[in-house]
Amino acid sequence: MAITNPLQFIQQVRSEVSKVVWPTRREVFLTTVMVFIMAALTAIFFSLVDLAIRGGLQGLLGMFG
């Protein structure tokens, strides 16, 4: 692996960072909202699955217990 001059390294980093396409404020906002919506839907789904499993187990144990 070749050793790079620190000044050359910084120039290369700046060159690469200038190529990055940064998201707009609107894109960041919409993506954040979508993440919160998906997290809420996932939480609701797993809560319902948990309730169904708990109810099924209580019913099953109630028959035999």
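Everything discussed here concerns the structure shown above.
Residues numbered from 1 in each chain as written. Predicted model: local features only at pLDDT ≥ 70, side-chain atom pairs only at ≥ 80, totals over all residues. Heavy atoms only, no water.

Novice: Describe the overall build of the protein chain, naming the residues involved and giving the relevant values.
Specialist: Secondary structure assignment for the protein chain yields two helices and zero strands. Over its C-alpha trace the protein chain gives a radius of gyration of 26 Å, far above what one expects of a compact globule, namely 11 Å for 65 residues. Summarising its shape, the C-alpha atoms of the protein chain cover approximately 75 × 35 × 10 Å along the three principal directions. Out of the 65 residues in the protein chain, the part that is buried amounts to 0%. (Helix = DSSP H or I, 4+ residues; strand = E, 2+ residues; numbered from the N terminus. Rg over C-alpha atoms; globule rule 2.2 N^0.38 Å. Buried < 20%, exposed > 50% of the residue type's maximum accessible area, 1.4 Å probe, protein only.)

Novice: Go over a nonpolar patch on the surface, please, and point to the residues and values.
Specialist: On the surface, Phe-29, Leu-30, Val-33, Met-34, Ile-37, Met-38, Leu-41, Ile-44, Leu-48 and Leu-51 cluster together to form a nonpolar patch covering roughly 950 Å² of accessible area. Secondary-structure assignment places Met-34 in helix H2 (residues 25-64). (Patch = residues over 30% accessible without salt bridge, like charges linked within 9 Å, V, L, I, M, F, W, Y side chains within 5 Å. Areas by Shrake-Rupley, 256 points an atom, 1.4 Å probe, with all protein chains shown as cover. Salt bridge = Lys/Arg side-chain N within 4 Å of Asp/Glu carboxyl O.)

Novice: Quick one: what's the story with the pattern of salt bridges, residue by residue and with numbers?
Specialist: Summed over the entire model, instances satisfying the criterion amount to two salt bridges. We note a salt bridge from Lys-19 to Glu-16, for which the minimum N-O separation is 3.2 Å. Look at Lys-19 and you get exposed, because its relative accessible area is 55%. Among the ionic pairs, Arg-54 bridges to Asp-50, the shortest N-O distance being 3.3 Å. In this pair, Arg-54 and Asp-50 both sit in helix H2, four residues apart, roughly one turn of the helix. For Arg-54, a relative accessible area of 43% puts it in the partly exposed group.

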